[in-house]
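What follows is each chain in one-letter form.
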Amino acid sequence: MEAESEPYVRLATLRQLHRVVADLNTARSLSDTVQAVADGIVAGLGYELACVNLVRPDGDLVVAAFAGNTAAEALIAGRVGSRASWERRLSMGERWGDLHFIPHTEGWVLMEDDVPQWHTEGPEPRFADEWHPSDRLYAPMYASGGDGELIGVISVDRPRGGRRPGAWGQEALTMYASQSSIALINARLRSNMQRALVRLEREQQALRASEESFRQAFEYAPSGMAIAEMGGEQHGRLLRTNDALCRLLGRPASAMRRYSFADLVHHEDVGTLLRTSAEGGRAELRLQRRDGSFVWVNLRNSVVADTADGPRFLLTHVEDIEERKRHELHLAHRASHDSLTGLPNSAELRARLSARLCRRPHAVRATAVEALDAAYDGAYDEGVTYDEGFFGDPMGEGDPGFYDHHVHTVAPQEGAEDDGTKGLAVLFCDLDGFKSINDRFGHQAGDEVLIEVARRLTTCVRDGDTVARLGGDEFVVLADGLGNADAADLAVRLRNAIIPPIRVDGRAVRVGASFGIGWAECGMTVDEVLQSADQRMYIEKRSRSKVHRRAG
């Protein structure tokens, strides 16, 4: 530099400093800013060589930029010096304010450390302030002044005047290092912000792609899909449905948004739906179509939750299982019904009887029930009796305090006056003359007779009564709420319904019927009930003359 005492030199230096600092702030990226720091020292501060070392995340310093000599740049650019070696250098030599100057007389000990450096040869200084090729001058860059975090170090070499910088040159370099640290921090912030924006844009693109994938998967799914609201006053309201669900239920999407699944589910399946919605599980239930019919569906629910706000909505997959359910019901019907007549078979008959029986033989009418009947507005049924254990066993033979909710079945007393007792009548029916029809006209004709007899029996009983085929030509009728006279009248009606001729292959055939009336009563087994009715049927069959029993 020129003599620093001259004001015009300082003014020129300030102008150069202002220009190079302005260049720092116009750089567009972090790498451009680092290179501008090195170029500004050579262009504006009067040094022939400049190197910028930046602190890496691991604390070591890397040569990030070099200016003034392409050969030296190729030699050391990108090389790393350890933090320990740099701290040793910054603790040596002379302190020029925030600058560190290590003269060649001390710097020779640094020739073998791991800090990247270049070597220039030259003669010994001829005067005190002459620059030696092995002199070293460092300008640390801190995040917030001299006490902040170290972000890098500027190394300079060979001032153009050949002299060590004076007070003004040192101040200019210090100011430049401070402005460079600000420019680097700002460049890092811009770089981080740009990376964050790029990452955010990628995430938004991924989110948009994911939402579009979900939309397409939702809208074009072959089975029904729905999104329902969770929580609040409109819990369960359908927010969105796809075309497949709308077609399945025969309702437009605009109409579906007025409903919840609770509005559409069969009343017997409401409890199943509520449990499934709460647990986010699956269930098989019936949903109502627009025409009022019901369709069996498999609902699979997923509770979509927000970690901060809790459950937000319910994603429901609705699969049409009507065909499978129909097949299952068909198989269940075949397992429990006679394949020829369609009547309940022996297994189903036994199951229905077993449901009405229990092992307690002492089923008596409880007078306490009669007393309560008035309070419940005549709710007491004359045909309903209760075990003493329902009110606690006063004799200590039962379990006092435990309630027996089973409605016990009792039988009217035989041979006594009608006391109004009603029971479950079991009418055992055996066809008379059926074997002769099979022998004369074949089994196909016999089958047609059995089908017609089953139809006639079914038309003579009430809804809720059971007509079952035990096998062969034996049928059983279960009729609840009957007394002795009622059961006898029913047997007569059934016999009279069977007697009229039956048309088979253009000919009329006749069969008769013998009925035995038994009674189901708690304390009896199913076999005992059926055996009792069967025995009474044979007694009745033997008591009638053969002429009255012949048919066909």
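Each remark here, short or long, concerns the structure printed above.
Just so it is clear, the model here is predicted, and its values are computed rather than measured. (Residues numbered from 1 in each chain as written. Predicted model: local features only at pLDDT ≥ 70, side-chain atom pairs only at ≥ 80, totals over all residues. Heavy atoms only, no water.)

Draft legend 1. Expanded view of the overall build of the protein. In terms of regular secondary structure, the protein is built from 18 helices and 20 strands. For the protein, with 552 residues in total, the buried portion stands at 43%. For the protein, long-range pairs separated by at least 24 residues make up 58% of all intrachain contacts whose partners lie at least 6 apart in sequence. For the protein, the computed accessible surface area is about 30100 Å², with 51% contributed by carbon and sulfur atoms. (Helix = DSSP H or I, 4+ residues; strand = E, 2+ residues; numbered from the N terminus. Buried < 20%, exposed > 50% of the residue type's maximum accessible area, 1.4 Å probe, protein only. Contact = heavy atoms within 4.5 Å. Areas by Shrake-Rupley, 256 points an atom, 1.4 Å probe, with all protein chains shown as cover.)

Draft legend 2. Up close: the packing of aromatic side chains. Going through the model one piece at a time under the given rule, you end up with four aromatic pairs. With centroids separated by 5.4 Å and ring planes inclined at 75°, the aromatic side chains of Trp 86 and Tyr 138 adopt a geometry described as edge-to-face. Of this pair, Trp 86 sits in helix α4 (residues 83–90) while Tyr 138 sits in strand β6 (residues 136–146), and the two are 52 residues apart along the sequence. Tyr 138 matches Trp 86 in its accessibility class, with the two residues each being buried. Taking 4.6 Å as the distance between ring centres and 15° as the angle between the ring planes, the aromatic pair formed by Trp 96 and Phe 101 counts as stacked. Residues Trp 96 and Phe 101 agree in their burial class; the two are buried. Counting every residue linked through ring pairs, the aromatic cluster contains Trp 96, Phe 101 and Trp 131. Sitting over the face of the ring of Tyr 259, Arg 251 holds its NZ or CZ atom 5.1 Å from the ring centroid. Taking NZ or CZ as reference, Lys 325 lies 4.4 Å from the ring centre of Trp 296, over its face. (Phe/Tyr/Trp six-rings, centres within 6.5 Å; stacked < 30°, edge-to-face > 60°. Lys NZ or Arg CZ within 6 Å of the ring centre and 35° of its normal.)

Draft legend 3. Region of the structure containing the packing of helix α12 (residues 346–356) against helix α17 (residues 526–543). Where α12 meets α17, the closest approach of the two axes is 9 Å, and the angle between their N-to-C directions is 110°. Relative to α17, the element α12 lies roughly perpendicular. Of α17, the residues touching α12 (which contributes Leu 349, Arg 350, Leu 353 and Ser 354) are Val 526, Asp 527, Val 529 and Leu 530. Tallied by class, the residues present in the contact of α12 with α17 amount to five nonpolar, one polar and two charged. (Axes fitted to C-alpha atoms, helices over the stretch in contact; angles between N-to-C directions. Parallel < 35°, antiparallel > 145°, perpendicular 65-115°, else oblique. Nonpolar A, V, L, I, M, F, W, Y, C, P; charged D, E, K, R; others polar.)

Draft legend 4. Region of the structure containing the sheet that holds strand β17 (residues 474–482). As summarised here, the arrangement of the four strands in space is β16-β17-β15-β20, forming an open sheet in which the pairing is antiparallel. At either end of the open sheet lies a strand with only one pairing partner, and these are β16 (466–471) and β20 (512–520). Strand-to-strand, the axes of this sheet are offset by a mean angle of 25°, without reference to chain direction. Contacts from α17 reach β15 (423–432), β17 and β20, with the element oriented near 140° to β20. (Pairing = 2+ DSSP bridges.)

Draft legend 5. How the structure looks around the packing of helix α14 (residues 434–441) against helix α15 (residues 443–459). Viewed as axis vectors pointing N to C, α14 and α15 meet at an angle of 145°, and their least axial separation amounts to 7 Å. Here Phe 434, Ile 437, Asn 438 and Phe 441 of α14 come into contact with α15, specifically with His 443, Ala 445, Gly 446, Val 449 and Leu 450. Its residues assigned to classes, the contact of α14 with α15 shows six nonpolar, three polar and no charged.

Draft legend 6. Region of the structure containing the nonpolar core. Within the largest apolar cluster, 33 residues are counted, with the highest numbers of intra-cluster contacts made by Leu 137, Ile 154 and Tyr 176. When residues of this core are traced back to their parent elements, those giving at least two are α1 (7–24), α2 (30–44), β1 (47–55), β2 (61–67), β5 (99–102), β6, β7 (150–159) and α6 (167–219). Grouped together as the second largest cluster of nonpolar side chains are 32 residues, Phe 434, Val 477, Ala 491 and Ile 502 included. (Core = buried A, V, L, I, M, F, W, Y, C linked by side-chain atoms within 4.5 Å.)

Draft legend 7. A look at the side chain of Asp 430. Mapping Asp 430 onto the fold places it in strand β15. What makes Asp 430 buried here is its relative accessible area of 10%. Residues contacting Asp 430, with those up to four places away along its chain left out, are Asp 473, Glu 474, Gly 512, Ala 513, Ser 514, Met 537 and Lys 541.

Draft legend 8. View of the pattern of salt bridges. A complete count under the given rule lists 33 salt bridges for this structure. Where Arg 324 meets Glu 284, a salt bridge forms, and the shortest distance between an N and an O atom there is 2.5 Å. Taken as a pair, Arg 324 in helix α11 (residues 322–336) and Glu 284 in strand β10 (residues 282–288) lie far apart in primary sequence, 40 residues in all. When its relative accessible area of 33% is taken as the criterion, Arg 324 is described as partly exposed. (Salt bridge = Lys/Arg side-chain N within 4 Å of Asp/Glu carboxyl O.)

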